[in-house]
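# Structure assessment
So the chains spell out like this:
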Amino acid sequence: MNVRPHTAHSHPHPHPHMARPGESAHHATPDWLLMFRKFMRHGTSIASFTPSSRFLARMICKGIDYDKAQCIVELGAGTGPITKELFRRAKPHTKLVVVELDPDFCKRLRARFPHADIVEGDAAKMDELLRERGISQVDHVISGLPLPSFPAPLRDSIIASAHRTLGPDGTFRQLTNMPFVYWKLYKRYFTDVRFKLVPLNLPPAGVYVCRGYRETAAVV
Ligand SMILES: C[S@@+](CC[C@H](N)C(=O)[O-])C[C@H]1O[C@@H](n2cnc3c(N)ncnc32)[C@H](O)[C@@H]1O
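As a starting point, this report considers the structure included with it. None of these values were measured; they are calculated from a predicted model. (Residues numbered from 1 in each chain as written. Predicted model: local features only at pLDDT ≥ 70, side-chain atom pairs only at ≥ 80, totals over all residues.)

### Brief notes about the site of the ligand
In the vicinity of the ligand there are 24 residues, among which Ser52, Gly76, Gly78, Ala123 and Gly144 approach most closely. Within the shell around the ligand, the residues separate by chemical class into 15 nonpolar, 6 polar and 3 charged. (Near = placed C-beta within 6 Å. Nonpolar A, V, L, I, M, F, W, Y, C, P; charged D, E, K, R; others polar.)

### A word on helix α6 (residues 152–165)
Here α6 spans 20 Å end to end across 14 residues, near enough to the 20 Å set by a 1.5 Å rise per residue. For α6, the set of buried residues is Arg155, Ile158, Ile159, Ser161, Ala162, His163 and Thr165. Where α6 is buried, its residues contact α5 (126–132), β4 (138–143), β5 (166–176), α7 (183–189) and β7 (205–213). (Helix = DSSP H or I, 4+ residues; strand = E, 2+ residues; numbered from the N terminus. Expected span 1.5 Å × (residues − 1). Buried ≥ 20, exposed ≤ 12 C-beta atoms within 10 Å, placed from the backbone. Contact = placed C-beta atoms within 7 Å.)

### Some words on the packing of helix α2 (residues 54–61) against helix α3 (residues 81–89)
At a minimum axis distance of 9 Å, the contact between α2 and α3 shows a crossing angle of 50 degrees. With respect to their mutual orientation, α2 and α3 come out oblique. At the point where α2 passes α3, the crossing takes the right-handed sense. Contacts between α2 and α3 involve Arg54, Ala57, Arg58, Ile60 and Cys61 from the first element and Pro81, Ile82, Lys84, Glu85, Leu86 and Arg89 from the second. Grouping the constituent residues of the contact of α2 with α3 by class yields 6 nonpolar, no polar and 5 charged. (Axes fitted to C-alpha atoms, helices over the stretch in contact; angles between N-to-C directions. Parallel < 35°, antiparallel > 145°, perpendicular 65-115°, else oblique. Left-handed = near helix turned anticlockwise from the far one by under 90°.)

### Here we look at unusual backbone geometry
For the bond running from Leu202 to Pro203, omega is 0 degrees, close enough to zero to count as cis. Residue placement: Pro203 occurs in the loop between β6 (190–198) and β7. A positive phi is found at Phe180, a non-glycine position, where the angle reads about 70 degrees. By the element assignment, Phe180 lies in the loop between β5 and α7. Among the residues examined, Phe180 registers 11 C-beta atoms within 10 Å and is labelled exposed.

Right under this line is the structure:
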């Protein structure tokens, strides 16, 4: 697949991690097919048979104060539709860290975002991974992880790990392909949960924007 590189003309503040002109990524397998194969093979740890649309990517990245943000972390980037939108919006001073468990997705992300910090690792160890990089606080966590289909202890530890690094005004942003269904679930973890519907995604999708972690949330 041919990815058109962003140039200085396409955005007034190109993030240094974006592919530069001439740096394009060619992949024999299209993103949708790679995602579909991973879904068929790994099921619930992927939980989506197609990458997020640009409408969903835009929605999850919307409302962030990019002038203020010093560090944004993306969890479960897959083939990188949200990564692309994030890097398009982020200012050069913002540190972006992308955590993805699957080595094939990491390979693709590294080819596509050659200057990005793509971490092949487990989102549940997010605070450790960040500590290794000298990062003690994060402004926003953007999660493409299929949290509802994870076993409760894993989900607990991922959200708790994100909470340990998020600053007081930080947001935890979670995408979903089942609008409204998991509102109660996220309310169990956060005091303030807002939902934004993305009808143009296939299937219709949405984003939970969560603040205020409940210390009593974890079931373990
Ligand atoms: C539903 S896909 C989302 C992909 C992409 N963000 C998108 O919107 O198209 C979920 C992704 O989470 C990754 N993932 C699953 N468990 C993970 C974990 N424990 N740590 C990091 N990534 C994980 C999967 O490999 C997959 O790429």
